[in-house]
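Architecture at a glance
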Amino acid sequence: MNFPGVDRAPFYPAQFKGFTQPVAGHKIIMIKKLATSFLALGICVTTVGPVWAAGDATAGSKKTRMCQGCHGIEGFRTAYPEVYSVPRLGGQQAGYIVAALKAYKAGDRQHPSMRAIAGTLSEQDMADLAAYYSSGPK
Ligand code: HEC
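First things first, this report covers the structure right here in the doc. (Residues numbered from 1 in each chain as written. Predicted model: local features only at pLDDT ≥ 70, side-chain atom pairs only at ≥ 80, totals over all residues.)

**With respect to the overall build of the chain**
To keep things clear, this is the line we draw: Secondary structure follows DSSP: runs of H or I at least 4 residues long count as helices, runs of E at least 2 residues long count as strands, and numbering of each begins at the N terminus. Around each residue's C-beta, the other C-beta atoms within 10 Å are counted; 20 or more make the residue buried, 12 or fewer make it exposed, and counts in between make it partly exposed. All C-beta atoms are placed from the backbone. Contact between residues is assigned whenever the C-beta positions, reconstructed from backbone atoms, fall within 7 Å.
Scanning the chain from terminus to terminus reveals 7 helices and 0 strands. Residue burial in the chain is summarised as follows: out of 138 residues, 17% are buried. A separation of at least 24 residues holds for 67% of the contacts in the chain among residues at least 6 apart in sequence.

What follows is the structure, encoded as structure tokens:
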């Protein structure tokens, strides 16, 4: 006697295969999509990071100790340029200050002491210092 199920049995693996493959494939696609999302998120955070990091003048004011000796002592503006023959930083454009510091660090600007100093600064330090100095005459 033929059981209907026995007759159909050979189809089960085929059906199973038919179901699982797309499902497995779908899962892989989902994982790939998820991974892409996280990657995209990571890129966003990395890209946006420096923008958030851009210049905190208060933080910058605490990092000027090694600059003021040459670029002028806070509150003693007459200390330069007469006494110190260095460029005035107070009131300078933030973008210009950052670009100059990066150029010293990279060696595109040659001044030895500024190269040494810029070499110790992180991008955050540069942004903070630039925000501080650009905020007015110092
Ligand atoms: C040892 C003295 C000295 C110290 C300390 C010093 N600087 Fe300078 N800085 C100079 C001199 C000199 C120049 C001009 C160099 C040149 O001709 O390229 C200069 C140039 C610069 C410039 C370019 C200005 C322009 O108009 O092109 C920036 C920006 C700057 N310094 C920022 C800083 C910051 C920020 C600090 C502290 C982290 C600092 N400096 C510490 C001596 C100093």
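Still to come is the rest of the account.
**Digging into the site of the ligand**
Here is the rule: Using a C-beta atom placed from the backbone, a residue is scored as near a molecule or strand whenever that atom is within 6 Å of it.
With respect to spatial proximity, 18 residues lie near the ligand, and among them Cys-67, Cys-70, Pro-87, His-111 and Ser-113 are the closest. Considering each element in turn, the shell around the ligand owes the most residues, 5 residues, to helix H4 (residues 65–71).

**Here we look at helix H7 (residues 123–134)**
Here is the rule we go by: Take the number of residues in a helix, subtract one, and multiply by 1.5 Å to get its expected span.
With 12 residues, H7 extends 16 Å between its outermost C-alpha atoms, agreeing within 8% with the 16 Å of an ideal straight helix rising 1.5 Å per residue. A large share of H7 lies buried, amounting to 9 of its 12 residues. Taken as a whole, H7 has its buried residues at Met-126, Ala-127, Asp-128, Leu-129, Ala-130, Ala-131, Tyr-132, Tyr-133 and Ser-134. Of the residues flanking the end of H7, it is Gly-136, one or two places downstream, whose phi is positive at about 155°.

**Topic: the nonpolar core**
Let me state the cut-off plainly: To form a nonpolar core, buried Ala, Val, Leu, Ile, Met, Phe, Trp, Tyr and Cys residues must be joined through C-beta atoms within 7 Å.
Counting 16 residues, the largest nonpolar core has Ile-97, Val-98, Leu-101, Met-126, Leu-129, Ala-130 and Tyr-133 as its most contacted members. Elements with a contribution of two residues or more to this core: helix H5 (94–106) and H7. In contact with Val-98, other than residues within four places in its own chain, are Met-126, Ala-127 and Ala-130.

**Here's the deal with the packing of H5 against H7**
Quick note on the threshold: Angles here are taken between N-to-C directions and fall from 0 to 180 degrees, while the axes themselves are lines fitted to C-alpha atoms, restricted in helices to the stretch in contact. Just so you know how the angles are binned, under 35 degrees is roughly parallel, over 145 roughly antiparallel, 65 to 115 roughly perpendicular, and the rest oblique. In a left-handed crossing the near helix is turned counterclockwise from the far helix by less than a right angle, and in a right-handed crossing that turn is clockwise. Note on residue categories: nonpolar means Ala, Val, Leu, Ile, Met, Phe, Trp, Tyr, Cys or Pro, charged means Asp, Glu, Lys or Arg, and polar means any other residue, Gly included.
Relative to each other, H5 and H7 sit at 140°, their axes nearing to 8 Å. Regarding the angle of H5 to H7, the classification is oblique. In this structure, H5 crosses over H7, and the sense of that crossing is right-handed. Contacts from Ala-94, Ile-97, Val-98, Leu-101 and Lys-102 in H5 reach Met-126, Ala-127, Leu-129, Ala-130, Ala-131, Tyr-133 and Ser-134 in H7. Its residues assigned to classes, the contact of H5 with H7 shows 10 nonpolar, 1 polar and 1 charged.

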